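Structural overview for review
As a plain string of letters, each chain reads:
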Amino acid sequence: MSSPRARRALDDIPVYRPGKAAVAEDHKLSSNENPYGPLPGVTARAAAELDRINRYPDAGMTDLYAALSARFDLSPDHFAAGTGSVAVLFALLNAHCETGDEIVYAWRSFEAYPIAVDLTGATGVRVALRPDATHDLAAMSAAVTDRTRVVMVCTPNNPTGPVVSADDLAVFLDSVPERVLVVVDEAYVEFVRDPGGASGLTALAAHDNVVVLRTFSKAYGLAGLRVGYAIARPEVAESIRKATPPFSVTDVAQAAAVASLDSQVELDRRVESIVQERVVMVAALRAQGWDVPEAEGNFVWLALGDDAVDFAVACDPVPVRPFAGEGVRISVGSPEVNATFLGLAAAWREAHPR
Ligand SMILES: *Cc1c(COP(=O)(O)O)cnc(C)c1O
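Note that this is a predicted model, so its numbers are computed, not measured. (Residues numbered from 1 in each chain as written. Predicted model: local features only at pLDDT ≥ 70, side-chain atom pairs only at ≥ 80, totals over all residues. Heavy atoms only, no water.)

It is worth spelling out the pairing of strand β1 (residues 79-82) at this point. A two-sided burial pattern is seen for β1, the buried positions comprising F79 and A81 on one face and A80 and G82 on the other. In this sheet, strand β7 (residues 228-231) lies alongside β1 in antiparallel orientation, the contact comprising four bridges. When the sheet's bridge partners are listed, A80 is paired in β7 with A230. (Buried < 20%, exposed > 50% of the residue type's maximum accessible area, 1.4 Å probe, protein only. Helix = DSSP H or I, 4+ residues; strand = E, 2+ residues; numbered from the N terminus. Pairing = 2+ DSSP bridges.)

See the structure below:
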């Protein structure tokens with residue numbers, strides 16, 4: 001008897017394994033979540049939608065696209081939303097790539113990239129980060145071939161932290177053929193303070209082949225509701241919409257996203273306080289003797305190499321995110337939890353002098 005067999009592209013894709021149960025959710029520094037709850041007014045407007053969940057959501061996402069259109073001064077056909085920007089990326093890659101194509105991305109970068117890439121059947125081409133944990137855009141440009149359909153650029157880079165500079169991105173975009181899509185993943189853009197950092201929107205204004213990815217999961221604190229979006233020229237946005245399952249973003253999530261966009265002053269205040277906490281963490285870690293790359297997201301990176309997993313274990317009861325053999329990513333949480341983590345990091349350094 002033969003049993004059904006999934007596509008070979010799935011053979012190397014890992015099955016999601018849940019981490020530790022949410023015993024210490026308030027202490028979690030492992031998922032780059034926002035320590036603040038929803039912005040003011042968001043819960044009420046989302047809850048108002050609960051009375052009509054017998055209805056399908058607005059598949060045209062009219063209010064959300066109108067709000068994004070007003071925010072970015074681009075017509076609504078420049079946007080394509082989905083259940084998180086990871087889902088938008090899946091749709092984008094499925095719309096543009098298939099077996100035989102190549103997709104170039106930096107590594108170490110976001111762990112969802114290889115999954116999204118491999119699912120299409122295309123070949124992932126990984127280009128190592130530079131020693132300072134930044135993208136090597138010259139090497140990424142050199143990795144582009146006739147088969148390349150998409151290049152992914154993550155700025156700030158998850159999990160290492162630095163941005164791509166505006167100058168580097170401009171040179172890179174001039175070097176890449178216009179038929180290659182360049183995805184600029186700006187999941188953490190609100191936290192960037194480096195004035196030399198690249199802007200996906202500036203890049204999009206100059207190059208038709210740029211796709212900017214944004215999310216409500218990080219700065220806006222809506223990770224649990226799943227809303228993200230692409231900004232691209234209308235033909236590209238349309239290709240993403242076509243490849244996105246209809247009705248995927250609920251009206252509850254759409255309402256929460258629109259309400260969050262209305263709360264800009266409080267958003268800025270919260271983001272600034274997280275940035276201040278980040279500055280404190282980086283300074284304290286460097287004072288302890290750690291080598292910390294520039295941190296422009298809501299997380300910091302310690303390149304612990306083979307000690308990564310042991311360090312994460314030593315951080316108990318504060319969950320952090322180890323990448324075995326490479327390093328540990330620590331999210332910026334509440335001041336109390338960050339302080340607890342800094343104490344654990346100091347103890348590790350005392351026990352492991354260089
Ligand atoms: C968190 C994150 C996202 C967004 O994830 P959502 O699916 O929107 O929750 C996208 N890219 C990177 C690099 C991220 O770290």
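The biggest cluster of nonpolar side chains holds 80 residues, and the ones touching the most others in it are F172, F216, F311 and F341. A domain-level breakdown of this core finds at least three residues from each of domain 1 (19-37 + 265-351) and domain 2 (42-261). Those residues within four positions of F216 in sequence are excluded, and the remaining contacts are L64, L68, G221, L222, A223, V227, Y229, A257 and L261. Counting residues in hydrophobic clusters, the runner-up holds 28 residues, among them A80, L89, Y105 and C154. (Core = buried A, V, L, I, M, F, W, Y, C linked by side-chain atoms within 4.5 Å. Domains from an automatic or database assignment. Contact = heavy atoms within 4.5 Å.)

Right, let's get into the pattern of salt bridges. Throughout the structure, instances matching the rule amount to 17 salt bridges. Put simply, E49, R52 and D251 are held in one network by salt bridges that share partners. (Salt bridge = Lys/Arg side-chain N within 4 Å of Asp/Glu carboxyl O.)

Bringing the packing of helix α3 (residues 85-96) against helix α8 (residues 234-243) into the picture now. Each pair of packed helices can be described by the angle between their axes along with the distance between the axes. As a packed pair, α3 and α8 sit with axes 8 Å apart at the nearest point and diverge in direction by 100°. Here α3 is positioned roughly perpendicular relative to α8, judged by the angle of their axes. Across from V88, A91, L92, A95 and H96 in α3, the residues of α8 making contact are V236, S239, I240 and A243. Taken together, the residues of the contact of α3 with α8 sort by class into seven nonpolar, two polar and no charged. (Axes fitted to C-alpha atoms, helices over the stretch in contact; angles between N-to-C directions. Parallel < 35°, antiparallel > 145°, perpendicular 65-115°, else oblique. Nonpolar A, V, L, I, M, F, W, Y, C, P; charged D, E, K, R; others polar.)

Of the two faces of strand β8 (residues 299-302), both are covered, the one formed by F299 and W301 as well as the one formed by V300 and L302. With four bridges joining them, β8 and strand β10 (residues 327-331) adopt antiparallel strand pairing. Paired with F299 across the bridge in β10 is S331.

Here we take up the sheet that holds strand β6 (residues 210-215). Judged by pairing direction, the sheet is mixed, and its seven strands sit side by side in the order β1-β7-β6-β5-β4-β2-β3 without closing on themselves. Edge strands, defined here as strands with exactly one partner in the open sheet, are β1 and β3 (123-128). The mean inter-strand angle of the sheet, taken between neighbouring strand axes irrespective of direction, is 20°. Here strand β2 (residues 102-107) runs beside β3; their pairing, made up of six bridges, is parallel. Within β3, the residue paired with E102 across the bridge is T123. The sheet strands contacting helix α6 (residues 166-175) are β4 (148-154), β5 (181-185) and β6, and the helix crosses β5 at an angle near 160°. The strands touched by α8 within the sheet are β1, β5, β6 and β7, with β1 carrying the most contacts at an inclination of about 25°.

Our next topic: the side chain of N338. Mapped onto the fold, N338 is located in helix α12 (residues 335-351). Among the polar contacts listed, one links the side chain of N338 to the backbone nitrogen of G333, at a separation of 2.8 Å. Excluding its chain neighbours within four sequence positions, the residues that come into contact with N338 are L29, E277, M281, S331, V332 and G333. (Polar contact = N/O pair within 3.5 Å; in protein donor to acceptor, adjacent residues only side chain to side chain.)

Let us now look at α6. Within the sequence span of α6, burial applies to L169, F172 and L173. Projected down its long axis, α6 carries its buried residues within an arc of 95°, all on one side. Exposed positions of α6 whose direction lies more than 90 degrees from the buried face are D167, V171 and D174. Against α5 (137-142), β4, β5, α7 (200-206) and β6 lie the buried residues of α6. (Arc of directions from axis to C-beta.)

Another aspect to go through is the environment of A138. Mapped onto the secondary structure, A138 falls in helix α5. Along the chain, A138 and L74 lie 64 residues apart, while their C-alpha atoms are 31 Å from each other.

Next up on the list: the site of the ligand. Around the ligand, a shell composed of 13 residues is seen, among which S85, Y188, T215, S217 and K218 lie nearest. In this structure, S85 approaches the ligand through a main-chain N or O atom, which is 2.7 Å from an oxygen atom. Between V86 and the ligand, the recorded distance is 3.1 Å, taken from a backbone N or O atom to an oxygen atom. Here the ligand, which alone exposes 380 Å², has 94% of that area covered by the protein. Split by residue class, the shell around the ligand holds five nonpolar, five polar and three charged. (Near = heavy atom within 4 Å. Areas by Shrake-Rupley, 256 points an atom, 1.4 Å probe, with all protein chains shown as cover.)

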